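# Observations on the model geometry
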Amino acid sequence: PATMRYVGFDKTLEHIEKAFVEEGPFDGVVGFSQGGCLAGLLAAMQPRGVIKFNFCVLISGFYCRDVELCKLQLEAVPERHQQELAR
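Presented here is a report on the structure given in the accompanying data block. Computed from a prediction, not measured in an experiment: that's the story for all the values here. (Residues numbered from 1 in each chain as written. Predicted model: local features only at pLDDT ≥ 70, side-chain atom pairs only at ≥ 80, totals over all residues. Heavy atoms only, no water.)

## Observations concerning the pattern of salt bridges
Enumeration according to the criterion identifies one salt bridge in this entry. The residue Asp 66 makes a salt bridge to Arg 5 at a minimum N-O spacing of 3.4 Å. You can see Asp 66 sitting in the loop between β2 (55-59) and α3 (67-76) and its partner Arg 5 sitting in the segment before α1 (9-23), a full 61 residues away along the chain. Exposure remark for Asp 66: the relative accessible area of 1% places this residue in the buried category. Judged by relative accessible area, Arg 5 falls into the exposed class, the value being 54%. (Salt bridge = Lys/Arg side-chain N within 4 Å of Asp/Glu carboxyl O. Helix = DSSP H or I, 4+ residues; strand = E, 2+ residues; numbered from the N terminus. Buried < 20%, exposed > 50% of the residue type's maximum accessible area, 1.4 Å probe, protein only.)

## A few points about the packing of aromatic side chains
Under the definition given, this model contains two aromatic pairs. Ring centres of Phe 20 and Phe 26 lie 4.9 Å apart, and the angle between their planes is 70°; on these two criteria the pair is classed as edge-to-face. By relative accessible area, Phe 20 is classed as buried at 12%. Here Phe 26 falls in the partly exposed class, since its relative accessible area comes to 33%. Between Phe 20 and Phe 53, the aromatic rings sit 6.3 Å apart at their centres with planes inclined by 45°, giving tilted as the arrangement. Taken together, the positions of Phe 20 in helix α1 and Phe 53 in the loop between α2 (34-45) and β2 put the pair 33 residues apart, joining distant regions of the chain. Neither residue differs from the other here; Phe 20 and Phe 53 are each classed as buried. (Phe/Tyr/Trp six-rings, centres within 6.5 Å; stacked < 30°, edge-to-face > 60°.)

This is the structure:
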């Protein structure tokens, strides 16, 4: 469960958004460990900003522990998957 706040996440997101604007477009993102957590967040944020990609690969990632960002990730999960998670 989400129990904390990620300090500095806004700066990280600004840097990534800048890269997508200046260096993109990108086909996808790949994240390992903490990067896997971040890649999952980026996938959840796609409808809300300039970050757009077609695929996301998460390797040994983990679920977001930030209270607000966790809500964002859960909102991005299709309803049929949420029903499976609730079982």
